[in-house]
Structures are given as C-alpha cells and as structure tokens.
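Report on the structure
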Amino acid sequence: MRWIGDSQGTLWLIDQTLLPGEFREIECTTVEQVWEAIKMLRVRGAPAIGCAAAYGVVIGLQGLTDQDSRATCNARLEEVVSYLAESRPTAVNLFWALDRMKTAAQALPDLSTEQLRSRLLDEARAIEEEDREMCAAIGRHGAKLISSGMGILTHCNAGGLATAGDGTALAVMFAAAAEGKEIHVYADETRPLLQGARLTTWELQQRGIPVTLICDNMAGWVMKEKRVHAVITGADRIAANGDSANKIGTYSVALLAKAHGIPFYIAAPSSTFDLSIESGDQIPIEERKPEEITNGFGRATAPAGTQVYNPAFDVAPADCITAIITEKGIIQPVTPENVRALIEG
C-alpha cells in the first residue's frame, strides 16, 4: 500500500482479489472505499488491515475544515473509527491500529482540525513503518529456526501482501533464503478463496524461492512422505495463552504437524496479541457469505439452495504450537507466562 499526498491525499492498495491474473491498484478516496476494501479482502492480512484502517481514519476526517469545532471533529473521529471497526471482527490489528489513532488524537486536544489530520497522517505512516521493521525482525528471529534443505509448509498468505513489509511467515522464509539456506516451500491452496494458490505462490515465485502448490487436504500425506520439516503460518489474533487464530484450515494443519512430530510455528508481531482474552475460545470467528463456497470465483460448484457454513478462521491450540516468532524474539515453549513475559517485557 502507499499514501499519495498530504493529509488530503489518498490511499492506494493492490486489489488482491485479482491476483495472480491481474495486477491492479485501487485508489481509496472515501472511508467507505477503505471499509469495502477490507471487507471484500482487496486488502487482507492482519498487519495490512491495521495499516489500511489507520489511513482510513485520515480519509474519514478529510471533509472537515478548521471552521468545524473540535467537538465536531471528535464526533466524526468516533464515527469513522466505529465504522471501520465493523469491517472484519477477527484480526486484532484492526482494533489495535484504530485505538492507537484515537489515542493519538486524544493526546492533542488543542490542535486545529487540519493540524490534527496532519498529526494523524504521521501516526498512520508510523504504524506502516513500524510494521516494516517488525516484519524484518520477525524474519531475522525466525531464520534461526530454519536449516538448509528444509521443506516448509505454509497455509494462507502471510507475506508482503498481508503486511507493509516482507510479511510474517514468509518473512522467515525470505530471511532464510537471503542467508543462503536452500528451502522448498509447500503452499496449501487455502480454500475457499485460494490465498495460498493465488498469493503465496505468486510472492514466492517473485522472490525466486522454490514452491510447490498442494490442495489443503494433501497436507497430512505430504507430511507423512517426510517432505515437510516445519510448518510456519501467520496469525490474526493470539490469546494470552498462545492460542492463535488464523485462516480456516490452520487448526487441522497444527494437529497434523503434532501427529507427525513436525514443529509448528506461528509468526506474528506483538500487535497481534490480545492479552485481554485468556484463550482462543474467546476469539470472535468471522463467518463469510456462502457464495464463496457455492459460487467461488463466479462458477457454481454446489446445487442452488445448499446449506453452507463458512467460518473464515479457526484457532490453533497453544499445545500444538512449538514456538511463536515475534519481532521481540521467540516464545518457546508457548505458555501464558512466557507470552506475557515477552509481550509485556
């Protein structure tokens, strides 16, 4: 993503729904367009959603002038933040970024509307830059867990398309490859929207990293064939005990890895942790439209009227997670005490 202009500028995003067939950027000039981009997965991945929402706050205040009172400005800010918060319920980075924007505004009660908008643009840019730095640090820490010759399985997309930098799970692979380690990635296609097939394989190919695409239901067999030596995924929300919500299918992969004695790693920034909830049982799971399954990519694949259950996320239990890789370091073993010690320390 990129912001063009000053505080009256616009947000440009890659429309990820069109990849890999078409590379197109979309310009967001209204908060409604930012909301739609998040909701419809034109921008996706917890860190990227947070960055987009932060810029969305700036866009939402662009209709105000210095003639408007600070009370009017504060009311509009609250309205915009509440609206953007409704776009997707699971990714905690969305709420973290919106809360950070609100806190920045509340700390500067005497600024004019234009001054406040400029300050909030600075805050949004800081969130984006910090995310880039966090991605790089996650890559450095995670690369220590990777040896040359490894086969690595990943699920969904946790690369540069999902963040402002090199990603989370893919940042580990990019860093390992940069260190000269020879790795081979197995990418689950990630039903029903095929983020693994459309996005992860595309990113890895762009970086020259060998990748093999597999169907989601092949993961267990590929593990049994000893092609996979580690699993690395991202996360959208991590509870205080280490339970980690990620794209639907991650739960199954975590159980399969444990059954085969393969280390399962989560790679995520500290902003993805929600220490206000004790376990994954309290993580809200977004349910998406049935058409994503029955009419995926515009083609009917099920009879009309078929009943559908379409949760977008599931939760990998902490006891299946070998370690959580963050920009602050590695949490291993994954226990409530170790989570708090690293995240709050």
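Each remark here, short or long, concerns the structure printed above.
Heads up: these notes are all about the structure in this document. Since the model is a prediction, treat every value here as computed from it, not as a measurement.

Let's shift gears to the sheet that holds strand 12 (residues 313-316). Reading across from one edge, 11-8-9-12 is the order of the four strands in this open sheet, with mixed pairing throughout. Pairing within the sheet leaves two strands with one partner each, and these edge strands are strand 11 (273-274) and strand 12. Direction of pairing for strand 9 (residues 244-247) relative to strand 12: antiparallel, over a ladder of four bridges. In the strand pairing of strand 12, Ser244 is matched with Ala316.

The next point concerns the side chain of Gln195. Topologically, Gln195 is positioned in helix 7 (residues 195-206). Here Gln195 is in contact with Leu41, Arg44, Cys156, Asn157, Glu189, Thr190, Thr200 and Lys247, once residues within four sequence places are set aside.

It is possible for side chains bearing opposite charge to pair when their charged atoms get close. Summed over the entire model, instances satisfying the criterion amount to 20 salt bridges. Of the charged contacts, one joins Glu22 and Arg24 as a salt bridge, the two residues approaching to 2.8 Å between their closest N and O atoms. Residue Glu22 is classed as partly exposed on the basis of its relative accessible area, which comes to 33%. We note a salt bridge from Arg237 to Asp274, for which the minimum N-O separation is 3.1 Å. With Arg237 in strand 8 (residues 237-239) and Asp274 in strand 11, this residue pair connects regions lying 37 residues apart in the sequence. In terms of burial, Arg237 and Asp274 fall into one category: buried. Each of Arg88, Glu286, Arg288 and Glu292 takes part in a single network of salt bridges with overlapping partners.

A word on the packing of helix 1 (residues 31-39) against helix 3 (residues 70-85). Angle between the axes and distance between the axes: these two values describe a pair of packed helices. For the pair helix 1 and helix 3, the least separation of the axes is 10 Å and the interaxial angle reads 20 degrees. It follows that helix 1 is roughly parallel to helix 3 by the angle criterion. In the packing of helix 1 onto helix 3, the handedness of the crossing is right-handed. Across the interface between the two elements, Val31, Glu32, Val34 and Trp35 from helix 1 touch Arg76, Val80, Tyr83 and Leu84 from helix 3. Looking at the contact of helix 1 with helix 3, its residues break down into six nonpolar, no polar and two charged.

Grouped together as the largest cluster of nonpolar side chains are 41 residues, with contacts concentrated most on Leu11, Val57, Met101 and Leu120. Listed by contribution, the elements that provide at least two residues to this core are strand 2 (10-14), strand 3 (25-28), helix 1, helix 2 (46-60), helix 3, helix 4 (92-106) and helix 5 (113-143). When residues of this core are assigned to their parent elements, the largest contribution, 11 residues, is made by helix 2. Once residues within four sequence positions are removed from consideration, Met101 is found in contact with Ala54, Val57, Val58, Leu120, Glu123, Ala124 and Ile127.

Cut-offs and rules
Residues numbered from 1 in each chain as written. Predicted model: local features only at pLDDT ≥ 70, side-chain atom pairs only at ≥ 80, totals over all residues. Heavy atoms only, no water. Pairing = 2+ DSSP bridges. Helix = DSSP H or I, 4+ residues; strand = E, 2+ residues; numbered from the N terminus. Contact = heavy atoms within 4.5 Å. Salt bridge = Lys/Arg side-chain N within 4 Å of Asp/Glu carboxyl O. Buried < 20%, exposed > 50% of the residue type's maximum accessible area, 1.4 Å probe, protein only. Axes fitted to C-alpha atoms, helices over the stretch in contact; angles between N-to-C directions. Parallel < 35°, antiparallel > 145°, perpendicular 65-115°, else oblique. Left-handed = near helix turned anticlockwise from the far one by under 90°. Nonpolar A, V, L, I, M, F, W, Y, C, P; charged D, E, K, R; others polar. Core = buried A, V, L, I, M, F, W, Y, C linked by side-chain atoms within 4.5 Å.

These results come straight from atomic positions and should not be treated as a statement about function.
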